[in-house]
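# A closer look at the structure
Given next are the chains, with one letter for each unit.
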Amino acid sequence: MSELFPRKQVMGFVFSLILTAVALMVYFFDMSYTVGLTILVITAFIQAALQLVVFMHAGESEDKGTIFTNIYYSIFIALVTVFGTLLTMIWGYM
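Residues numbered from 1 in each chain as written. Predicted model: local features only at pLDDT ≥ 70, side-chain atom pairs only at ≥ 80, totals over all residues. Heavy atoms only, no water.

Turning to the environment of Val41, a few remarks are in order. Relative to the helices and strands, Val41 resides in helix α2 (residues 33-55). The spacing of Val41 and Ala23 is 18 residues in sequence and 9.2 Å in space, taken between C-alpha atoms. (Helix = DSSP H or I, 4+ residues; strand = E, 2+ residues; numbered from the N terminus.)

Listed below in structure tokens is the structure:
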């Protein structure tokens, strides 16, 4: 019977709830802007990785290397886009 119980999904759900509670504490404890934003960004990335691996089964297929390579490439492109925009529009470099 234990092999039929979705232990990995339940633990992922509990961990998601814990990360959500940590993110809510930023609001309820009235933290400073930099500390709050740092905690929110870290919990958001952990939450996204958890959702991807546990609930979307990213690491359970034969071509998981290709899947993770595409994810890393997407993250790189997103960071280049965000920081390139900041560099151009806010920091004044053109």
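Time to look at the side chain of Gln47. Here Gln47 shows up in helix α2. Residues contacting Gln47, with those up to four places away along its chain left out, are Ser16, Leu19 and Thr20. (Contact = heavy atoms within 4.5 Å.)

This part covers the packing of aromatic side chains. Following the criterion strictly, the structure yields 1 aromatic pair and no others. Ring geometry for Tyr27 against Phe28: centres 5.3 Å apart, planes inclined by 65°, an arrangement best described as edge-to-face. When its relative accessible area of 65% is taken as the criterion, Tyr27 is described as exposed. (Phe/Tyr/Trp six-rings, centres within 6.5 Å; stacked < 30°, edge-to-face > 60°. Buried < 20%, exposed > 50% of the residue type's maximum accessible area, 1.4 Å probe, protein only.)

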